[in-house]
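Here is what each chain is made of, one letter per residue.
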Amino acid sequence: MIDFLDTNPTKQDFHMHTTFCDGKDTPEDMVLSAIEKGLERVGICIHSILPDYEFTGIKKELAFKQTVTELKEKYKDKIKVYCGLERDYYTDQITDGGFDYVIGAVHILVVNGKSYLVDSSKQDFIDGVNEGFSGDCYAYIEEYYRCVADVVEKTKCDFIAHVDLVSKFNEDNDLFDENHPRYVKAYRDAVDKLVKYNIPFEINLGAISRGYRKQPYPLPSVLEYIKKKGGKFILSSDSHTKENVAYMYDIWKKLL
């Protein structure tokens, strides 16, 4: 069992992806970048299978785990390397185990048998609202947070990824009002349930490094509510390139 809170939060990064799924660099590239940046612990992740989507990489599970195991040994005198699975709410496949930790996430919504990616594009968000929720964006959001509220139970995760991922394309409230009573109630109901598990929420910098947002997940209103309820946090880069390992930790560590 990994204690994600027992070390300097800027000396670890447990959320990054590689060429085994939707990342651009190899696991070794990511480990070498972490060493260069002075990290003490690093976790390399692979996505679980998402219905209707092929990029996730879990079909390469055995090769992925073998590669990470080799890196653990190769660099054991320089850094601790861990093998992670980012498991989605809608993932039902059974792996053969062997992961050091699991990240819980909600990337898709399923309505009447059709899958809608939450974080693919602004237009996909709009299409999902119109097709799956009769144009009611807050119904879409309520369904997202209903899934988030159950993500620990469904995925048996060790920490919670980008809890307000649904806001990815909502910079400047372009898609919905983040102060709308239905939005506020939806995320607060989810947080109220999740904090009882006493596992960390991540402060995720991935959308900043990829140019989608100016603020990390969770946005300030959500983050402050989690703090108010006694939630704990870890920093994660959610990097998909070696350059973005531990991205902007020096700036955003203040949120901890």
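Below you will find a few notes about this structure. (Residues numbered from 1 in each chain as written. Predicted model: local features only at pLDDT ≥ 70, side-chain atom pairs only at ≥ 80, totals over all residues. Heavy atoms only, no water.)

### Some thoughts on the pattern of salt bridges
In this structure the tally under the stated criterion is 16 salt bridges. For aspartate 6, the salt bridge is made with arginine 41, and the minimal N-O distance between the two is 3.3 Å. Residue aspartate 6 is found in the segment before β1 (12-13), and its partner arginine 41 is found in strand β2 (residues 41-47); the two are separated by 35 residues along the sequence. Glutamate 28 serves as the salt-bridge partner of lysine 74, at 2.7 Å between the closest nitrogen and oxygen. Taken together, the residues lysine 74 in helix α2 (residues 61-74) and glutamate 28 in helix α1 (residues 27-36) connect sequence positions 46 residues apart. By relative accessible area, glutamate 28 is classed as partly exposed at 26%. Residues participating in the shared-partner salt-bridge network are Asp136, Glu142 and Arg182. (Salt bridge = Lys/Arg side-chain N within 4 Å of Asp/Glu carboxyl O. Helix = DSSP H or I, 4+ residues; strand = E, 2+ residues; numbered from the N terminus. Buried < 20%, exposed > 50% of the residue type's maximum accessible area, 1.4 Å probe, protein only.)

### Things to note about the pairing of strand β8 (residues 201-204)
Looking along a regular strand, one sees the side chains alternate between the two faces of the sheet. With burial as the criterion, each face of β8 is covered, one bearing Phe201 and Ile203 and the other bearing Glu202 and Asn204. Two elements, β8 and strand β9 (residues 233-236), share 4 bridges in a ladder whose sense is parallel. In the strand pairing of β9, glutamate 202 is matched with isoleucine 234. (Pairing = 2+ DSSP bridges.)

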